[in-house]
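Coordinate inspection notes
Below, each chain spelled out in residue letters.
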Amino acid sequence: MSRKSSGNEYILSDLRGERKMEREEGQREEVVGERSLIKPPGDSSINSGSGQSAAMATGAGSELERAARKQFQGDHTPMFLYRLSAFAALGGFLFGYDTGVVSGALLLLKKEFGLNELWQELVVSATVGAAAISALSGGVLNDRFGRKPCILLASFFFTVGAVMMTAANDRYTLLSGRIVVGLGIGLASMTVTVYIAEAAPFHMRGRLVTINTLFITGGQCFASIIDGAFSYLEKNGWRYMLGLSAVPAIIQFVGFLFLPESPRWLMQKGKTQRARRALNLIRETQNIEDEYESIKSSIEEEQREVRGGGSVLWKMLTYPPTFRALIVGCGMQLFQQLSGINTVMYYSATILQMSGVQDDKLAIWLAAVTAGTNFIFTMVGVWLVEKVGRRKLTLCSLAGTTVSLVILAVGFLLSALTSPPIILHPRDPSGHNVSCVNYKFCDRCMLDPNCGFCFKMQHPNITETSCVPVSNRSDTIAAWGRCSNESEFKKEGLSWAFNFCPTKYSWTALLGLILYLMFFAPGMGSMPWTVNSEIYPMWARSTGNAMSSGVNWIFNVLVSLTFLHLAEYLSYYGVFFLYSALATLGLFFIYGCLPETKGIKLEEIETLFENRLCTCGLLDSDEGRHIEYIRVKGSNYHLSDNDTSDVE
């Protein structure tokens, strides 16, 4: 294969992916892909007869590649890059806070506004429903206006929503505030990771993008602490819980006024001088010329390849590599939700009460323990992502998550098997026959949302048990009978349970939740967002992230909206057995379809999806092969394995 080159032409040599090449000495050296621009000396042509010139060009290319590798993978990382990532990740913090704070606030809100089961699910699900719509529309907004304006708009939504929820005097205003916050969450969830990924050098990309997930779990942890602290207020504690999110939102808005736009987005829009200034600002003292030219040439080539009519989504669906990447990205977000994470986060306090924890404040503080576990083990993921890679981390995480869900289900099953029998069957004073009085065991009584359990605790025995209707005014008292007056039944030593049965196995729920988050947080918690920020080419990145984020939020809505109803029809243990089965399906999907993207430049990841769907993950494990790609006039030529060819 030969090619003639003039003085203004370049040969682009790509070493795609991270591979291990076996040397003659028997040693293995890890080779991380770079792209070099090699300019032929003078105006002389390179042809098959000029072997000496070719050798000189090859030697110069090797030196340039080594220099580029040293530059890109040096120990120095500009502090500005960390500041940029931190301000961007405040969107993740707000995402985590506003989705996590509802877990504890819900226990107070249902008393304040008399929220029934449907309204509780609406308060939770309205936010994620709005986030789904916002995330899907975020692709168009990101492509047209850029990453920075979208993050500023998300900050504005967070602030307005927080003010509305704090000032709410009825359930409708509260619901409206949750919807506005959801718009901010959806826009931030798909924009922040893309912004960080496009600003980060490739050897730091996974760690910096995963910092966003660390901020999400940090926001959930902080929300749980705030829930616990303000649960002691006699009145309006929930207002502080929901309103404090305005503070980081304002900080992010002000901070982002002084941060640059994504250099890659600017380059795509033809604003090359602004892109150069932005890249120079982000990299500070580092030489940006090689990186700038590499990004520029890749974007120019992409624009030549995708030139023509039609929407970006249609081009993605009809171009096999991006279609495969979209399947992988959406699949990861799908199985993140189907493994039940947001059920655990939104309803953690409720789940603990279901397991037998009776005190509201104790349930809120135990939920804070689970959120703290999530935060700590997300830090483990930040540390591991550039060491073990995305693929191995995700597989190990999902395997542990599946086992933890089984443990959680078994805990609820043990509680159901030892459920206290119902001894007393009082009659409704109105004379109407109700289903509550016909139940024979506490667990069946609890699965009926219209019934509660009245009992006397005489350790270790539970006596004087009955199942009676819940009051329409509040689920903290019965509609009639011994537990209809809270002050009176407490004097008599009676207790009332609306959504739990007293059991000695309540500790298994806490253990299951902690184990679940220990395994979920490092991998499945962050890798779907990290991988989606990497796997699409520049022209498809906004749309690809919008689609995958939309899938995440749509199934977030479905899972959170159906949890309490599924618990009613399948029982508590049945729901978690269902989640464990879905997580097992996800494990097979990740094993077959997810390739390793660690250490590969954004512009080069597209080649990982050139194989048939769900073989890229399996083929990627073949580390004994050394594959070199030469890009010539916008095409990829795949040289034979462990072989060399002359490019003249």
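Structure: see above.
All residue numbers refer to positions counted from 1 along the written sequence of the respective chain. The predicted nature of this model means local features are confined to residues of pLDDT at least 70 and side-chain atom pairs, given and counted, to a pLDDT of 80 or more, with totals for whole chains, interfaces and linings taken over all residues. Hydrogen atoms and water are omitted, and side-chain values are computed over all heavy atoms in the structure.

**Quick notes on the overall build of the protein chain**
The secondary structure listing takes helices from DSSP runs of H or I that are at least 4 residues long and strands from runs of E that are at least 2 residues long, numbered from the N terminus. Along the backbone of the protein chain there are 24 helices and nine strands. The buried label goes to any residue with under 20% of its type's maximum accessible area, the exposed label to any with over 50%, and the partly exposed label to all in between, with areas taken from a 1.4 Å probe on protein chains only. Taken across its 648 residues, the protein chain has 58% of its residues classed as buried. Whether two residues touch is decided by their heavy atoms; if any such pair falls within 4.5 Å, the residues are in contact. Restricting to contacts in the protein chain with at least 6 residues of sequence separation, those with at least 24 account for 76%. Computed with the Shrake-Rupley method and a 1.4 Å probe, the accessible areas treat only the protein chains shown as cover for residues. Summing over all exposed atoms, the protein chain offers an accessible surface of approximately 26,300 Å²; the carbon and sulfur share of this is 60%.

**Details of the pattern of salt bridges**
Every case where a carboxyl oxygen of Asp or Glu lies within 4 Å of a side-chain nitrogen of Lys or Arg is listed as a salt bridge. The full count for this structure, using the stated rule, is nine salt bridges. As a salt-bridge pair, R276 and E289 come within 2.7 Å of each other at their nearest N and O atoms. With R276 in helix α10 (residues 272-283) and E289 in helix α11 (residues 289-305), this pair connects stretches of sequence that are 13 residues apart. Put simply, R205, E386, R390 and E534 are held in one network by salt bridges that share partners.

**Brief notes about the state of the cysteines**
When two cysteine sulfur atoms are found within 2.5 Å, that pair is recorded as a disulfide. Applying the stated rule across the entire model yields three disulfides. Paired through a disulfide, C436 and C451 show a sulfur-sulfur distance of 1.9 Å. On the sign convention where negative is left-handed, the bridge of C436 and C451, at about -85° about the S-S bond, is left-handed. Here C436, found in the loop between α17 (390-417) and α18 (442-446), pairs with C451, found in strand β5 (residues 451-458); they are 15 residues apart in sequence, far enough to count as distant. Judged by its relative accessible area of 0%, C451 is buried.

**Side note on a positive patch on the surface**
A patch is a set of surface residues, each over 30% in relative accessible area and not in a salt bridge, joined within 9 Å for like charges and within 5 Å for the nonpolar side chains Val, Leu, Ile, Met, Phe, Trp and Tyr. When charges are counted, Lys and Arg contribute as positive and Asp and Glu as negative, whereas His and the chain ends are disregarded. To locate a charge, the coordinates of NZ of Lys, CZ of Arg, CG of Asp or CD of Glu are taken. On the surface, R144, K269, K271, R274 and R277 cluster together to form a positively charged patch. Relative to the helices and strands, R144 resides in helix α3 (residues 117-145). Accessibility expressed as a relative area gives 61% for R144, which makes it exposed.

**A closer look at the environment of L594**
Within the secondary structure layout, L594 lies in the loop between α23 (572-593) and α24 (616-619). For L594, a relative accessible area of 2% translates into the label buried. Separated by 265 residues in the primary sequence, L594 and G329 place their C-alpha atoms 8.9 Å from one another.

**Digging into the side chain of T210**
In this fold, T210 is placed in helix α6 (residues 202-230). With relative accessibility at 0%, the residue T210 sits in the buried group. When near neighbours in sequence (up to four residues on either side) are disregarded, T210 contacts G381, V382, V385, S526, M527 and T530.

**Topic: the side chain of N552**
Looking at where N552 falls in the secondary structure, it is placed in helix α22 (residues 538-570). In this structure N552 comes out as buried when scored by relative accessible area, which is 1%. Setting aside residues up to four positions removed in sequence, N552 forms contacts with Q333, Q336, Q337 and W529.

**As for the environment of K269**
The topology assignment puts K269 in the loop between α9 (263-268) and α10. Definition of a polar contact: a pair of N or O atoms within 3.5 Å, with one able to donate and the other able to accept a hydrogen when the atoms are protein atoms, and with sequence-neighbouring residues admitted only if both atoms are side-chain atoms. Among the polar contacts made by the side chain of K269, one reaches the main-chain carbonyl oxygen of D143 at a distance of 2.9 Å.

**Remarks on the pairing of strand β7 (residues 494-497)**
Here β7 shows two buried faces, one formed by L494 and W496 and the other by S495 and A497. With four bridges joining them, β5 and β7 adopt antiparallel strand pairing. Note that in β7 the partner of F453 across the bridge is A497. Any two strands are treated as partners once DSSP identifies two or more bridges connecting them.

**Topic: the sheet that holds β7**
Pairing is antiparallel across the open sheet formed by three strands, whose spatial order is β6-β5-β7. The open sheet has two edge strands with one neighbour each: β6 (461-469) and β7. Within this sheet the neighbouring strands show an average axis-to-axis angle of 25°, counted without direction. Axis lines are fitted to C-alpha atoms, over the contacting stretch for helices. Their N-to-C directions set the angle, which ranges from 0 to 180 degrees.

**Here we look at unusual backbone geometry**
In the Ramachandran plot, N236 falls in the positive-phi region, its phi being about 65° despite a non-glycine side chain. Its place among the elements puts N236 in the loop between α6 and α7 (237-243). Overall, N236 belongs to the partly exposed group, its relative accessible area being 25%. Even without being glycine, E464 reaches a positive phi, approximately 50°. Along the chain, E464 falls in strand β6. Overall, the relative accessible area of 32% leaves E464 in the partly exposed class.

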